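Chain residues, written in single-letter form:
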Amino acid sequence: LGGRITRALQQMANVTIIDEKALNECLNEITRALLQSDVSFPLVKEMQTNIKKIVNLEDLAAGHNKRRIIEQAIFSELCKMLDPGKPAFAPKKAKPSIVMFVGLQGAGKTTTCTKYAYYHQKKGYKPALVCADTFRAGAFDQLKQNATKAKIPFYGSYTESDPVKIAVEGVDRFKKESCDLIIVDTSGRHKQEASLFEEMRQVAEATKPDLVIFVMDSSIGQAAFDQAQAFKQSVAVGAVIITKMDGHAKGGGALSAVAATKSPVIFIGTGEHMDEFEVFDVKPFVSRLLGMGDWSGFVDKLQEVVPKDQQPELLEKLSQGNFTLRIMYDQFQNILNMGPLNQVFSMLPGISAEMMPKGHEKESQAKIKRYMTMMDSMTNDELDSSNPKVFNESRMMRIARGSGRIVREVMEMLEEYKRLAKIWSKMKGLKIPKNGDMSAL
Ligand code: GDP
Ligand code: MG
């Protein structure tokens, strides 16, 4: 998708006279690309109309960077569509919140329930899991296994067949045990959809959830809108989680889910494991959707952050797939050199709002400096390695001691490294033009 949009914009930039016709051609090409990315047709149409309103043709003719202006209009339109205008309910500590998960069978509810619980547990909540899926054989075992692994209390039954009864019993028990985040997993089965939705309604009525989360498999494509809408019409969906974003899914379904439920996406699932779960962040997601996360956007961003003389060497290394700790160190240095963090916020590819939340620039800066201090305690071999497995316990202890930090912080820094390395590894195999002109990429 990104490639196609980039090409469409490139063509546009090459035309000397941008008239209505040229803009339309460009927008049509972008429309086709978005449709192929599973963004639903009415949404694409709406966006096209809005972009035409935003993009002022006279501005474009006056020698402005046409490509940029249109690109930015598309970007901000897509961001707007992912923002339903109100945040999702956020559970509070030490006060019981009930969160109910709904979605079709196989969407990833049970997996996501545990990820959600585990995520909040790490933040200091006391979560608990209730299995109200009495339909699928093995549903309780699956939840039990996940919960045990994450050391999260769980409730369910092998014999009781009434999901409402189990849900209520579980919620009551965990309220008494003063859990502050009680998560109810439900079934997604039923050949006849009507009976599934009736069951959802009954469980919701009996447990009175503070938040209903609709879980959607990102690979369902154009079916997303209708599916999300069907759930919204039965239960008061207040947030969306999109799963299996690690697969071949194109991600456009997220826009449909938001439009259909008028609720924000709060997390995405990026794998089967407990920690393959990310806070959803609109801008990086849209970048990815537009393919700005691939070459051209990535390189654009690098060019903004990395000093010119360092660029060819950096790209050379990245093209060989070596995102070492030293590269991370150098890029942190570049970020710090650029001055006020609020201006360079999330400029570096892969630096997410998670690492540098808006409004917390001071803390983010301190965090980066802390990471760098720890890296100062690494040996050259360690810095030049791109294999985090070399950091065994004794090495981590040495680094922690040398930098006056604790091992957990070293681990946290290495986690951040792994995350960035995963993103930057996309640069592998990149062909660098001989003349070093990266704008041609
Ligand atoms: P449920 O029927 O909605 O409860 O779905 P499950 O939680 O049982 O998940 C169905 C399948 O999808 C399982 O094999 C999960 O391991 C898998 N799954 C769930 N979330 C993700 C994800 O984010 N990425 C990948 N790759 N697989 C996932
Ligand atoms: Mg399940």
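Our subject is the structure listed above.
Residues numbered from 1 in each chain as written. Chains lettered and ligands numbered in written order. Predicted model: local features only at pLDDT ≥ 70, side-chain atom pairs only at ≥ 80, totals over all residues. Heavy atoms only, no water.

Q: Could you clarify how one ought to interpret the overall build of the protein chain in this entry?
A: Counting its secondary structure elements, the protein chain contains 20 helices and eight strands. Buried positions account for 49% of the 441 residues belonging to the protein chain. For the protein chain, long-range pairs separated by at least 24 residues make up 74% of all intrachain contacts whose partners lie at least 6 apart in sequence. Carbon and sulfur atoms form 51% of the exposed surface of the protein chain, whose accessible area is close to 21400 Å². (Helix = DSSP H or I, 4+ residues; strand = E, 2+ residues; numbered from the N terminus. Buried < 20%, exposed > 50% of the residue type's maximum accessible area, 1.4 Å probe, protein only. Contact = heavy atoms within 4.5 Å. Areas by Shrake-Rupley, 256 points an atom, 1.4 Å probe, with all protein chains shown as cover.)

Q: What exactly am I supposed to notice about the site of ligand 1 here?
A: The immediate surroundings of ligand 1 are formed by 17 residues, with Gly106, Lys109, Thr111, Arg136 and Asp246 found nearest. In the environment of ligand 1, an oxygen atom lies 2.5 Å from a nitrogen or oxygen atom belonging to the side chain of Thr111. At 3.4 Å, a side-chain N or O of Glu272 approaches an oxygen atom of ligand 1. Protein contacts shield 82% of the accessible area of ligand 1, which totals 580 Å² for the unbound molecule. The greatest single-element share of the shell around ligand 1, amounting to four residues, is contributed by helix H6 (residues 109-122). Class assignment of the residues belonging to the shell around ligand 1 gives a composition of two nonpolar, nine polar and six charged. (Near = heavy atom within 4 Å. Polar contact = N/O pair within 3.5 Å; in protein donor to acceptor, adjacent residues only side chain to side chain. Nonpolar A, V, L, I, M, F, W, Y, C, P; charged D, E, K, R; others polar.)

Q: Is there a simple way to think about helix H15 (residues 325-337) in this case?
A: Each α-helix turn comprises 3.6 residues. Residues three or four places apart therefore point the same way. The end-to-end C-alpha distance of H15 is 18 Å, a good match for the 18 Å that 13 residues give at a rise of 1.5 Å each. Those residues of H15 not exposed but buried are Leu325, Ile327, Met328, Gln331, Phe332, Asn334, Ile335 and Leu336. (Expected span 1.5 Å × (residues − 1).)

Q: Just checking my understanding: could you explain the nonpolar core for this structure?
A: Where a protein is soluble and globular, its nonpolar side chains tend to be buried together. Leu78 and Ile242 are the most contacted members of the largest nonpolar core, which has 63 residues in total. Here this core gets seven residues from one element, more than from any other, and that element is helix H5 (residues 66-81). Residue-level mapping places this core at the junction of two domains, with at least three residues from each of domain 1 (2-81) and domain 2 (97-286). Excluding anything up to four places from it in sequence, Leu78 contacts Leu34, Met47, Leu255, Val286, Leu289 and Leu290. Counting residues in each nonpolar core, the second largest holds 31 residues, with Ile327, Met328, Met372 and Tyr417 among its members. (Core = buried A, V, L, I, M, F, W, Y, C linked by side-chain atoms within 4.5 Å. Domains from an automatic or database assignment.)

Q: Whenever I open this one, the side chain of Gln48 confuses me. Can you help?
A: Summarising the element assignment, Gln48 is placed in helix H3 (residues 41-54). Within polar-contact distance, the side chain of Gln48 engages the side chain of Thr31 at 3.4 Å. Setting aside anything within four residues of it in sequence, one finds Gln48 in contact with Leu27, Asn28 and Thr31.

Q: Can you walk me through the pattern of salt bridges in this structure?
A: Here the idea is simple: oppositely charged side chains can pair when their charged atoms come close. Taken as a whole and judged by the stated rule, the model has 15 salt bridges. Here Arg32 ties to Glu29 by a salt bridge, and the two come within 3.1 Å at their closest N and O atoms. With Arg32 and Glu29 both in helix H2 (residues 20-36) and three residues apart, this pair spans about one turn of that helix. Lys317 is the partner of Glu313 in a salt bridge, and the nearest nitrogen-oxygen pair spans 3.6 Å. Residue Glu313 and its partner Lys317 are both found in helix H14 (residues 311-319); the two are separated by four residues, about one turn of the helix. Connected through shared salt-bridge partners, Glu160, Lys165 and Glu169 make up one network. (Salt bridge = Lys/Arg side-chain N within 4 Å of Asp/Glu carboxyl O.)

Q: What should I look at first to understand the environment of Lys92 in this one?
A: On the secondary structure map, Lys92 appears in the loop between H5 and strand S1 (97-102). Residues Lys92 and Tyr125 lie 33 residues apart in sequence; the distance between their C-alpha atoms is 8.2 Å.

Q: Which parts of the structure should I look at to understand the packing of H15 against helix H17 (residues 361-376)?
A: Helices that pack against each other are described as a pair by the angle of their axes relative to one another and the distance between those axes. At a minimum axis separation of 10 Å, H15 and H17 run at an interaxial angle of 140°. Like other packed secondary-structure pairs, H15 and H17 cross with a definite hand, here left-handed. Residues Leu325, Met328, Tyr329, Phe332, Gln333, Ile335 and Leu336 of H15 lie in contact with H17, whose contacting residues are Gln365, Ile368, Lys369, Tyr371, Met372, Met375 and Asp376. Of the residues in the contact of H15 with H17, the class split is 10 nonpolar, two polar and two charged. (Axes fitted to C-alpha atoms, helices over the stretch in contact; angles between N-to-C directions. Left-handed = near helix turned anticlockwise from the far one by under 90°.)

Q: Looking at this structure, I do not really get the packing of aromatic side chains. What am I missing?
A: Each aromatic ring pair is specified by the distance between its two centres and by the angle formed by the two planes. Inspection of every chain in the model, using the stated rule, returns 12 aromatic pairs. On the basis of an interplanar angle of 70° and a centroid distance of 5.5 Å, the ring pair of Phe101 and Tyr116 is categorised as edge-to-face. With Phe101 in strand S1 and Tyr116 in helix H6, this pair connects stretches of sequence that are 15 residues apart. An identical accessibility class is assigned to Phe101 and Tyr116; each is buried. (Phe/Tyr/Trp six-rings, centres within 6.5 Å; stacked < 30°, edge-to-face > 60°.)

Q: I would appreciate a short explanation of the layout of surface pockets in the present structure.
A: In this approach the atoms are scanned with a rolling probe the size of a water molecule, which exposes any empty space left behind. One number sums up the size of the second largest pocket: a volume of about 560 Å³. In terms of lining, the second largest pocket is formed by 24 residues, of which the most central are Ala88, Val265, Ile266, Val279 and Phe280. Sorting the residues of the lining of the second largest pocket by element identifies H6 and strand S7 (265-269) as the ones contributing at least two each. Residue composition of the lining of the second largest pocket, by class: 19 nonpolar, one polar and four charged. (1 Å grid on protein atoms, 1.4 Å probe; cavity = no way out; pocket = protein on both sides within 12 Å on 5 of 7 lines; lining within 4 Å. Points joined across faces, edges and corners; volume = space filled by probe spheres on them.)

Q: I keep staring at the sheet that holds strand S2 (residues 127-132) and nothing clicks. Help me out?
A: What the eight strands build is an open sheet, ordered S3-S2-S4-S1-S5-S6-S7-S8; its pairing is mixed. The sheet is open, and its two edges are formed by strand S3 (154-155) and strand S8 (277-279), each paired on a single side. Sheet topology places S1 next to strand S5 (residues 211-217); four bridges connect them, and they run parallel. When the sheet's bridge partners are listed, Phe101 is paired in S5 with Ile213. Along the sheet, H6 contacts S1, S2, strand S4 (181-186), S5, strand S6 (237-243), S7 and S8; its crossing angle with S4, the most-contacted strand, is approximately 170°. Against the sheet, helix H9 (residues 193-207) engages S1, S2 and S4, with an angle of about 175° to S1. (Pairing = 2+ DSSP bridges.)

Q: What's the story with the environment of Asn24 in this structure? I'm lost.
A: Residue placement: Asn24 occurs in helix H2. Taking the relative accessible area as the measure of exposure, Asn24 reaches 24% and is therefore partly exposed.

Q: I'm lost on the pairing of S6 in this one. Help?
A: Side chains on a regular strand alternate between the two faces of the sheet. With respect to burial, S6 is a largely interior element, six of its seven residues being buried. Bridging between S5 and S6 involves six bridges; their strand directions are parallel. In the strand pairing of S6, Val212 is matched with Val237. You can see the chain leave S5, run along helix H10 (residues 224-234) and come back into S6, and the turn it takes is right-handed. Where S6 meets S7, three bridges bridge the pair, whose relative direction is parallel. When the sheet's bridge partners are listed, Ile242 is paired in S7 with Ile268. (Right-handed = clockwise from strand over helix to strand, strands pointing away.)

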